[in-house]
Amino acid sequence: MASEAALTSSAAREIAPDLFPERTSPTKSQIDAAIEKCLEIQRRAVTFGKRPFAALLLAPDNETVLLMHQSVDQVNHAESSLARLSYCHYSKEFLWQCTLVSTWEPCAMCSATIYWAHIGRVIYAASNEQLAGLTGPGNKENFTMKWHTRDILLNQQKDVEIIGPVEGMDEVVVRESDVYWSKMRK
């Protein structure tokens, strides 16, 4: 336990300060614009019969979209696929200043992948509770787990910033996602 107690973000910054450059906070309009872009990706995915989950990577300026991804299947989620792809293309120092934006709260697998990819901020529009309410219990397409991104990412060696759910945009994501999930509940 004593070893785990030493695993703090301040200790990590002290040991490797270059890995944790300063991040610029996004404005409300930048957050909303990024979520709207995610919704465009999600809409396209749904037209191809894919699940309504989408993510993108914002550059440190909080406006430039560097990469984007949709959910492929139950194992290749938009967020984890995007985080792995991002790690292949950009340095850790750069990724720490970037933001992964998602239509939905990243699951435990995706949250951990974001952490290991060294992405410094996560923004999600709608929460896991909202997803569970939308998909319903025992949905064979999405057996929603009881977790939160904060449960995975807070109080770790990397102080990943978490913003979400985003008031107002969460309702848009739920409404648009219901086009897909309403067919699965029948």
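In this convention, every chain numbers its residues from 1, walking through the sequence in written order. Reporting in this predicted model follows two pLDDT cut-offs: at least 70 for local features of residues, and 80 or more for side-chain atom pairs to be given and counted; totals over whole chains, interfaces and linings ignore these cut-offs and use all residues. The basis for every side-chain value is the complete set of non-hydrogen atoms in the structure, without hydrogens or water.

> Go over the environment of Lys28, please, and point to the residues and values.
Helix numbers and strand numbers start at the N terminus; a helix is a DSSP run of H or I with at least 4 residues, a strand a run of E with at least 2. Along the chain, Lys28 falls in helix H3 (residues 28–47). In the structure, Lys28 is positioned 18 residues away from Ser10 in sequence and 28 Å away in space, judged by C-alpha atoms. The criterion used for residue contact is that any of the two residues' heavy atoms lie within 4.5 Å. Ignoring sequence-local partners within four residues, the contact set of Lys28 consists of Val166 and Glu167.

> Mind laying out the sheet that holds strand S5 (residues 161–163), listing which residues take part and the relevant values?
Any two strands are treated as partners once DSSP identifies two or more bridges connecting them. Across the sheet, 5 strands lie side by side as S2-S1-S3-S4-S5; this open sheet has mixed pairing. Two strands lie at the open edges of the sheet, namely strand S2 (65–70) and S5, each paired on one side alone. With direction set aside, neighbouring strand axes in the sheet form an average angle of 15 degrees. In terms of strand pairing, strand S1 (residues 54–58) meets S2 through 5 bridges, oriented antiparallel. From the neighbouring strand, Leu56 faces S2, where its bridge partner is Met68. Packed on one face of the sheet, H3 meets S1, S2, strand S3 (99–104), strand S4 (121–126) and S5 and runs near 140 degrees to S1. As a rule, the C-alpha atoms of each element are fitted with a line to give its axis, helices using only the stretch in contact, and angles between N-to-C directions run from 0 to 180 degrees.

> Explain the packing of aromatic side chains to me, and be specific about the residues and the numbers.
Each Phe, Tyr or Trp ring (for Trp, its six-membered ring) is paired with any other whose centre lies within 6.5 Å, and the angle between the two planes then decides the class: stacked below 30 degrees, edge-to-face above 60, tilted in between. Under the counting rule described, the total for this entry stands at 6 aromatic pairs. On the basis of an interplanar angle of 90 degrees and a centroid distance of 5.1 Å, the ring pair of Tyr115 and Trp116 is categorised as edge-to-face. An aromatic cluster of three or more residues is present, and its members are Phe53, Trp104, Tyr180 and Trp181. Only when the NZ atom of a Lys or the CZ atom of an Arg is both within 6 Å of the ring centre and within 35 degrees of the ring normal do we say a charge sits over the ring. Above the face of the Tyr115 ring, Lys158 is positioned so that its terminal group lies 4.7 Å from the ring centre.

> Can you break down the nonpolar core residue by residue, with the values?
The nonpolar side chains of a soluble globular protein tend to be buried with one another. In terms of nonpolar packing, the biggest core is built from 23 residues, with Ile35, Leu56, Val101, Trp104 and Val173 touching the most fellow members. Counting residues per element, the ones that place at least two in this core are H3, S1, S3, S4, helix H7 (128–135) and helix H9 (169–184). Excluding residues that lie within four positions of it along the chain, Val101 makes contacts with Ala34, Ile35, Cys38, Ala54, Ala55, Leu56, Leu58 and Ile123. By convention a nonpolar core is built from buried Ala, Val, Leu, Ile, Met, Phe, Trp, Tyr and Cys residues, the set being connected through side-chain atoms within 4.5 Å. Only protein chains enter the accessibility calculation, which uses a 1.4 Å probe; a residue is then buried when its area is under 20% of its type maximum, exposed when over 50%, and partly exposed in between. In this structure, Ala83, Tyr115, Ile119 and Tyr124 belong to the second largest nonpolar core, which totals 21 residues.

> Describe H7, and please don't skip the residues or the numbers.
When we look at burial in H7, the residues that qualify are Asn128, Leu131, Leu134 and Thr135. Down the axis, H7 shows its buried residues gathered within 120 degrees of arc, on one side only. Once H7 ends, the next one or two residues include Gly136, with phi positive near 80 degrees. Our arc is simply the arc of the directions from the helix axis toward the C-beta atoms.

> Tell me about the pattern of salt bridges, residues and numbers included.
Every case where a carboxyl oxygen of Asp or Glu lies within 4 Å of a side-chain nitrogen of Lys or Arg is listed as a salt bridge. All told, the structure shown has 7 salt bridges when counted by the stated rule. Note that Asp159 and Arg13 form a salt bridge whose closest N and O atoms lie 3.1 Å from each other. In this pair, Asp159 is assigned in the loop between helix H8 (149–153) and S5 and Arg13 in helix H2 (residues 9–15), connecting sequence segments 146 residues apart. For Arg13, a relative accessible area of 27% gives the class partly exposed. Between Arg121 and Glu161 there is a salt bridge whose closest N-O contact spans 2.8 Å. Of the two residues, Arg121 sits in strand S4 while Glu161 sits in strand S5, which places them 40 residues apart along the sequence. Given the relative accessible area of 26%, Glu161 is considered partly exposed. One continuous salt-bridge network, built from bridges that share partners, spans Arg13, Arg23 and Asp159.

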